[in-house]
Structure formats: structure tokens, C-alpha cells
Amino acid sequence: MIAVYTLSSLRASVQTMSSFSFAAAPLSALRVRRKQPIARDIVRFELVDPAGADLPAWTPGAHIRLLTPGGHTRSYSLCGPVQARDHWAIAVKRDANGRGGSVSLIDGVQEGDTLTMLGGDNLFPLDTDADQHILIAGGIGITPLYAMAQALALMPTQSFHLYVCSRDAQSTAFLSELQQAPWRECVSVHHDGGDPSQSLDLWPVLETPSAAHVYCCGPQGLMDSVRDMSGHWPAHQIHFESFGAATQGWADNQAFDVVLQASGRRLNVPPERSILECLRSAGVAVASSCESGTCGSCKTGLIAGQVEHRDLVLLPEQRSQHIMVCVSRSIHGGTLELAL
Ligand code: FES
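Conventions and cut-offs
- Residues numbered from 1 in each chain as written.
- Predicted model: local features only at pLDDT ≥ 70, side-chain atom pairs only at ≥ 80, totals over all residues.
- Pairing = 2+ DSSP bridges.
- Helix = DSSP H or I, 4+ residues; strand = E, 2+ residues; numbered from the N terminus.
- Right-handed = clockwise from strand over helix to strand, strands pointing away.
- Axes fitted to C-alpha atoms, helices over the stretch in contact; angles between N-to-C directions.
- Contact = placed C-beta atoms within 7 Å.
- Buried ≥ 20, exposed ≤ 12 C-beta atoms within 10 Å, placed from the backbone.
- Core = buried A, V, L, I, M, F, W, Y, C linked by C-beta atoms within 7 Å.
- Domains from an automatic or database assignment.
- Arc of directions from axis to C-beta.

Chemist: Help me out: how do you make sense of the pairing of strand β11 (residues 238-241) in this one?
Modeler: On any regular strand, side chains alternate: one points to one face of the sheet, the next to the other face. With four bridges joining them, strand β10 (residues 213-217) and β11 adopt parallel strand pairing. The partner of C217 across the bridge, within β11, is E241. Following the chain from β10 across helix α6 (residues 220-229) to the adjacent parallel β11, one finds a crossover that is right-handed.

Below is the structure:
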């Protein structure tokens, strides 16, 4: 499969990643060619164009947004290989305590089904001005970093090391691929057995800043840890992606109302839905991309109300006047008034 693309074409593709967007290649449906369990509670979906055409080119770190059978919009990183054009692959972890998107996709979608694709983007691109890369993955956060590792392994001028953190071997997506890869010496896998005290100590990796760029995707705890340990690095060298961290705490959600300032409309936001999803259902257009509180697209003015900010974007001084409607909610079920 690697042989169908030349190194130079792949390098050119990777080097244009900052301008990458699926918007240039609209696609509204994908057919599930293969659905395959690859680890405990993790399923890989192989997606193809229903008409059999090549899919748009993409770059490592890219994600697509899909509509699940239950009506949830979810973003999933493409796993690679980046040079394959006949299919895309995503890996989904079934989270029984989540908001229902992963359960809907895994339980409700079978091979041969067609999924609605709502878009895609790359908010987590590799920086190929650098030639050293530290990739840190936690759990299902391996997906974009596996794509990055596959691409970097094809580029002789680039060096990388991929750190994979997971509970155990059974819960590690792509473990056999990582163990068999020609670049397996560039991979370290660490299992903590579910005991946070046994987490991989990344301080030896991050203690001394270098020219490397650091990419991290995984649970909130891992990202917080990497953020803390890399505070003395140049900020532009540290990159995060999270489609799962912001779902924590959803089991404790309460319903609440939002009032739209311009029209006075009142919308109810049930526990299992985000403000963004409710706005979308009501026909209120709000920009969005990651839907995980990391990209900044859905920043909305806040007129009144107390907000539980769950995003990773807003600065403390911005939080009294703005809300990221994809993840943040009202405190104690109080009404929020939005500048919409
Ligand atoms: S859509 Fe990205 S922060 Fe809300």
C-alpha cells in the first residue's frame, strides 16, 4: 500500500497541511465498507465513497464529522494510512457513560450502511518546519497520532517517537500494527493497569526543551499533565487535540434553558444534548468544528447566566462574556442568555 505513493508526493501533501480543508472537496455520504473490533470496546470503521470514487486527500491530524443514527454530531480523527485514497478509517471507543454518540455509531451502524458526513478539517496538523516530533497518545487518542507516525515514518528527514499510554494490551487500539511496524523502535507502549499512580512518567521526555514539536491527544488527565510538564517549552511547539476529554461529567448534566437575545426565543437543552446541538436543531446557525471545546469556532457571546466552562479555549478574562456552546453548560440548571 505504501508503494502507490512516492515519498515526494506524500511530503508535498504533508507540507500543505496548514491549508488543508475538506471544504474544497465536499462529500456528504460515506458507506461503511468494513466494521471491525480492534480492541476492547474499540471498533474500526472503514469508510468509502458510495459511488466508488477516490476520497479527498487529507493530512495527519485531520478529522471528519459524522451524523450518528441517534442524531449526534461527532468528530473522529482519521487513522491512516494517509496515502490511501480508496478509503478512510476511523476508530471509535464505545463509551457507555458518554453522550450516546459512540454507542449509537457502534451499536447502530453495520457494514453496508451509509453515514452522513457533515464536514472535516485539520485542527491538529503536523508542523513540518520541524524535523523532530514527540507524539503522546492516551487511550483512543492514538487515532490522529497513529496517522502522524505512519506519515513521518515515510519521511527520512523527520524523526519521531510515539508514546502510547493505555490501561492494558486488550484496550490498546492498533497494538499489533505498532508492534509489527518497520518503525516499531520509534514506539513506546505503557500500560498503567487503570492505576493513575502507574502512569507513564513523561518528565524525562519533556524536562529539557528541544527543537521537537510535541503532539498530545488523550484523556483530560494526560493532556493536563503534558500541559503542566511542557510549560517551559515554546508554546508554538506544543499541540493538543481532544474529542473525548470534554465529554467528562456528562453523566451529571442537568437540563436548562437558553434564551436568544435577538428573538427572545427560549430553547430547552436536555442533559444529553449540547447547546450547539439544540441551536442547530432550532435552525440557528453557529460556526463549529471540533465540538470538543478545543478549536474556538463556536465562541458565542454571553449576556447573562452562570456558566460551567468546559472548554480548553477561553481565557479566564473572557469567561464572563463568552461561552463555547459545543461543550459548556449552565450551572445548576439556570437559564443562560446568549448574544444570538
Ligand atoms: S466547535 Fe470547537 S470549540 Fe466549539
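Further notes follow.
Chemist: What is the right way to look at the environment of G194 in this model?
Modeler: In this structure, G194 sits in the loop between β9 (187-191) and α5 (203-206). For G194 and S166, which are 28 residues apart along the polypeptide, the C-alpha to C-alpha distance reads 8.0 Å.

Chemist: How should the sheet that holds strand β6 (residues 114-121) be read in this particular structure?
Modeler: Within a sheet, adjacent strands bond to each other through the backbone by hydrogen bonds, running parallel or antiparallel. With respect to topology, six strands assemble into an open sheet ordered β4-β3-β6-β1-β2-β5, the strand pairing being antiparallel. Edge strands, defined here as strands with exactly one partner in the open sheet, are β4 (73-77) and β5 (88-93). Taking the axes of each pair of neighbouring strands and ignoring which way they run, one obtains an average angle of 40° across the sheet. Both strand β3 (residues 63-67) and β6 contribute to a ladder of five bridges, which runs antiparallel. Looking at β6, one finds that L67 is bridged to T116. Each of β2 (42-48), β4 and β5 is contacted by helix α2 (residues 101-108), which is oriented at about 115° to β5, the strand it contacts most.

Chemist: Looking at this structure, I do not really get the pairing of β4. What am I missing?
Modeler: Most of β4 sits inside the fold, with four of its five residues counted as buried. Hairpin connection from β3 to β4: five residues lie between these consecutive antiparallel strands, with G71 at a positive phi of about 90°.

Chemist: Quick question: what am I supposed to make of the sheet that holds strand β12 (residues 256-260) here?
Modeler: Across the sheet, five strands lie side by side as β13-β12-β18-β14-β16; this open sheet has mixed pairing. Edge strands, defined here as strands with exactly one partner in the open sheet, are β13 (266-269) and β16 (322-324). The sheet shows a mean angle of 40° between the axes of neighbouring strands, direction not considered. Where strand β14 (residues 299-304) meets β16, three bridges bridge the pair, whose relative direction is antiparallel. Following the sheet pairing, K299 is matched in β16 by M324.

Chemist: Teacher, can you tell me more about the nonpolar core here?
Modeler: Taken as a class, soluble globular proteins show a tendency for nonpolar side chains to be buried jointly. Ranked by internal contacts, the top residues of the largest apolar core, which has 55 residues, are I90, L135, I136, A137 and L145. A total of eight residues in this core trace back to one element, the largest contributor, which is helix α3 (residues 142-152). A domain split of this core shows at least three residues from each of domain 1 (2-121) and domain 2 (132-245). When neighbours within four sequence positions are excluded, I136 is seen to be in contact with Y163, L202, V214, Y215, C216 and V226. Within the second largest apolar cluster, 16 residues are counted, among which are V269, I275, L276 and V307.

Chemist: Whenever I open this one, α2 confuses me. Can you help?
Modeler: Residue pairs three or four apart in sequence face the same way in an α-helix, which turns once every 3.6 residues. Taken together, the buried positions of α2 are occupied by G101, S102 and L105. The buried residues of α2 occupy an angular sector of 95° when projected down its axis, which confines them to one face. Each element contacted by the buried residues of α2 is listed here: β4 and β5.

Chemist: What is the right way to read unusual backbone geometry from this model?
Modeler: If a residue is not glycine, its phi is most likely negative; likewise, a peptide bond is most likely trans. With an omega of 5°, the peptide bond running from G80 to P81 counts as cis. Position of P81 among the secondary structure elements: in the loop between β4 and β5. Even without a glycine there, the phi angle at D41 is positive, about 65°. For D41, the location among the structural elements is in the loop between β1 (29-39) and β2. Note on D41: 16 C-beta atoms within 10 Å, which makes it partly exposed. For H332, which is not glycine, the phi dihedral falls at a positive 60°. With respect to the helices, strands and loops of the structure, H332 is situated in the loop between β17 (329-330) and β18 (336-338). Under the C-beta neighbour-count criterion, H332 is labelled exposed, with 8 such atoms within 10 Å.

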